[in-house]
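Each chain, written out:
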Amino acid sequence: MYNAKSLKAEEFISDQEIKETLAYADANKDNISLIDEIIEKAKLGKGLTHREASVLLACENEEKLQEIYDLAKKIKEDYYGNRIVLFAPLYLSNYCVNGCVYCPYHMKNKHISRKKLTQDEIRKEVIALQDMGHKRLAIELGEDPVNNPIEYVLDSIKTIYDIKHKNGAIRRVNVNIAATTVENYRKLKEAGIGTYILFQETYNKESYESLHPTGPKHDYAYHTEAMDRAMEGGIDDVGLGVLFGLEMYRYEFAGILMHAEHLEAVHGVGPHTISVPRIKRADDIDPSAFDNGISDEIFAKIIALLRVSVPYTGMIISTREAKEVRAKALELGISQISGGSRTSVGGYVEEEPEEDNSAQFDVSDRRTLDEVMKWLIDLNYVPSFCTACYREGRTGDRFMSLCKSKQISNCCHPNALMTLKEYLVDYASPATKEAGLKLIERELLTIPKEKVREVTIQHLKEIENGQRDFRF
Ligand code: SF4
Ligand code: SF4
């Protein structure tokens, strides 16, 4: 029986409810008056239910689809302006005891090189990331209680936060580790993590079990209920995601919105972020072996509909996607992207030779961070390294209520400009610096409150004079 408030995975992600939702969406995909009603509701900027959003996902009417895309762009603009937050993944270890059939780190892959960074190697990787200009990392590890115990994760987080190289600092560490216990989540909270990220991969229990044939990840309920345990452990920013291509996308789309509704119903706060990875080629993984792959058009439709369904949830896209796909995704709803990423263990210090492949997936967007920065600036986006909310304690429901009232943008914009200025002064190439400084001049004029504008201008001057780390 479907129950958004239940703590049992099979009740808050009810297979029956998803199937009924898909049947309802099919029955109404040409019901223009219902579609109009749903679009009108979405215009209020307060989101849609999984049923409503699924009807729009099934709709193929060109005119209505254009209305949805226009609305997604407007909601993106209203909540996120033209700011894009940047981050980088940091792979700490690819030891893994699971058998996920879509990931080259699966235990049976004997020819991939297994690596685990020492604390000294982590230091070197972080210095390389700081020298690129990064301030926000997402650490990634396989599941392996012997090689990657929680103590290793905690030590690594401490190492990362402690490194201050030149003007560099990692100010927010998001963590992507396997589903774990409330006690371990509490330890991660105490270590000062930003978002806890865990991809569901697929919400379909039957597919989930066959895609994860061995290892602790095989347990669908334990994995699906992880965010509830994380919240019980005190982590209030959690990041959801599915791996598009494993299951029917319409099933996943309804599932992820139901998961968001569940978190809101039980904990009073929805997901902080949603990621939208698509399955990609990697060491012994061929994406064509999975027959649920989605086209770029469907991918764009999913992004637009997630944007209108959960307007206050940040959306993330990685370098799995090529530049052109990322450009379209930014317009329709993505608010965070990775840049200059290496998906191998130790890849920032030294690019690994091909025969020594420890990467989790092939990167499509291979540009440097500086190239990504220049590209964003030329597209009139403000690249931001802001981490202010987490450091000011604006997390969980505090963050969400500011976000829902749109007050948050009074902080985001000046913070984006100040962190961009830090980047331009410390790390940018001459061309990026020139374009970025012009952008800051233009964007200062868009700060509505005079007092905030004055303080921002003051801080921008202080950054030129060597001071760092201002925030609203
Ligand atoms: S997806 Fe994660 S859990 Fe699965 S094999 Fe890869 S690293 Fe291990
Ligand atoms: S002010 Fe908060 S919401 Fe805005 S960009 Fe910074 S961290 Fe994100």
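On a predicted model such as this, the values are computed, not experimentally measured, just so you know.

A separate point is the overall build of the chain. Each helix and strand counted, the chain has 20 helices and nine strands in total. Relative to the compact-globule value of 23 Å for 472 residues, the chain shows a C-alpha radius of gyration of 21 Å, a close match. Along the first, second and third principal axes, the C-alpha set of the chain runs to 60 × 55 × 40 Å. The burial tally for the chain puts 51% of its 472 residues in the buried class. Put simply, 77% of the contacts in the chain that link residues at least 6 apart link residues at least 24 apart.

Right, let's get into unusual backbone geometry. One non-glycine residue with positive phi stands out, namely K166, at about 50 degrees. Although it is not a glycine, D469 adopts a positive phi angle of roughly 65 degrees. Structurally, D469 can be placed in the segment after α20 (450-464). For D469, a count of 16 C-beta atoms within 10 Å translates into the label partly exposed.

The biggest cluster of nonpolar side chains holds 139 residues, and the ones touching the most others in it are L56, L137, Y196, I303, A304, L305 and V308. No other element matches helix α12 (residues 249-267), which puts nine residues into this core. The contact partners of L137, leaving out residues within four places of it in the chain, are F87, A88, L90, L129, I160, I170, V173 and N174.

The environment of ligand 1 is formed by C96, N98, C100, C103, Y105, H106, G142, E143, A178 and K217. Per-class residue counts for the shell around ligand 1 are five nonpolar, three polar and two charged.

Near ligand 2 the following residues occur: V85, S384, C386, T387, A388, C389, I408, C411, C412 and N415. Taken together, the elements giving at least two residues each to the shell around ligand 2 come down to α16 (388-391) and α18 (409-426). The biggest single contributor to the shell around ligand 2 is α18, with three residues.

What follows is about the packing of helix α3 (residues 32-43) against helix α4 (residues 50-58). Closest axis-to-axis distance for the α3/α4 pair is 10 Å, and the angle between their directions is 120 degrees. Viewed along their axes, α3 and α4 adopt a mutual orientation that is oblique. Handedness of the crossing formed by α3 with α4: left-handed. The segment α3 lies against α4, with L34, I35, I38 and K41 engaging E52, V55 and L56. For the contact of α3 with α4, the residue count by class is five nonpolar, no polar and two charged.

Moving on, we come to the domain arrangement of the chain. Annotation of the chain at the domain level lists domain 1 (9-76), domain 2 (80-366) and domain 3 (404-464). Of note, the centres of domain 1 and domain 3, computed from C-alpha atoms alone, are 37 Å apart.

So, on to the pairing of strand β3 (residues 172-176). Most of β3 is tucked away: four of the five residues are buried. Of the strand pairs in this sheet, strand β2 (residues 136-141) and β3 are connected by five bridges, and their pairing is parallel. In the sheet register, A138 faces β3, and the bridge partner there is N174.

In this section: the environment of T419. With respect to the secondary-structure elements, T419 resides in helix α18. The spatial distance from the C-alpha of T419 to the C-alpha of Y196 is 23 Å, given a sequence separation of 223 residues. Discounting residues that sit within four places of it in the chain, T419 has contacts with K135, S384, F385 and C386.

As a further point, take the packing of helix α2 (residues 15-27) against α4. The N-to-C vectors of α2 and α4 enclose an angle of 45 degrees; their axes lie 8 Å apart at closest approach. The pairing of α2 with α4 is recorded here as oblique in orientation. In this structure, the crossing between α2 and α4 has a hand that is right-handed. Every residue of α4 that contacts α2 at T21, L22, Y24, A25 and D26 is listed here: H50, R51, S54, V55, L57 and A58. Residue classes in the contact of α2 with α4 are distributed as six nonpolar, three polar and two charged.

Regarding helix α17 (residues 396-404), the residues found buried are F399, M400 and C403. One face of α17 carries all of its buried residues, which in axial projection span an arc of 95 degrees. Considering only its buried residues, α17 is in contact with α16. Just downstream of α17, K406 is the residue with a positive phi angle, here 65 degrees.

Turning next to the pairing of strand β1 (residues 83-93). Where burial is concerned, most of β1 is hidden: 10 out of the 11 residues are buried. Inspection of the sheet shows β1 paired to strand β8 (residues 336-338) by three bridges, in the parallel sense. Within β8, the residue paired with V85 across the bridge is Q336. Sheet analysis places β1 next to β2, joined by five bridges and oriented parallel. Within β2, the position partnered with S93 by the bridge is L141. Handedness of the β1-helix α6 (residues 119-132)-β2 crossover: right-handed.

The next thing to look at is helix α19 (residues 430-444). Here α19 spans 21 Å end to end across 15 residues, near enough to the 21 Å set by a 1.5 Å rise per residue. Of all the residues in α19, the buried ones are T432, G436, L439 and E443. Across the axial projection of α19, the buried residues extend over an arc of 60 degrees, all falling on one side. Residues of α19 that are exposed and angled more than 90 degrees away from the buried face: P430, K438, E441 and R442. Each element contacted by the buried residues of α19 is listed here: α15 (369-378), β9 (382-384) and α18.

Reading guide: rules and limits
Residues numbered from 1 in each chain as written. Chains lettered and ligands numbered in written order. Predicted model: local features only at pLDDT ≥ 70, side-chain atom pairs only at ≥ 80, totals over all residues. Helix = DSSP H or I, 4+ residues; strand = E, 2+ residues; numbered from the N terminus. Rg over C-alpha atoms; globule rule 2.2 N^0.38 Å. Buried ≥ 20, exposed ≤ 12 C-beta atoms within 10 Å, placed from the backbone. Contact = placed C-beta atoms within 7 Å. Core = buried A, V, L, I, M, F, W, Y, C linked by C-beta atoms within 7 Å. Near = placed C-beta within 6 Å. Nonpolar A, V, L, I, M, F, W, Y, C, P; charged D, E, K, R; others polar. Axes fitted to C-alpha atoms, helices over the stretch in contact; angles between N-to-C directions. Parallel < 35°, antiparallel > 145°, perpendicular 65-115°, else oblique. Left-handed = near helix turned anticlockwise from the far one by under 90°. Domains from an automatic or database assignment. Pairing = 2+ DSSP bridges. Arc of directions from axis to C-beta. Right-handed = clockwise from strand over helix to strand, strands pointing away. Expected span 1.5 Å × (residues − 1).

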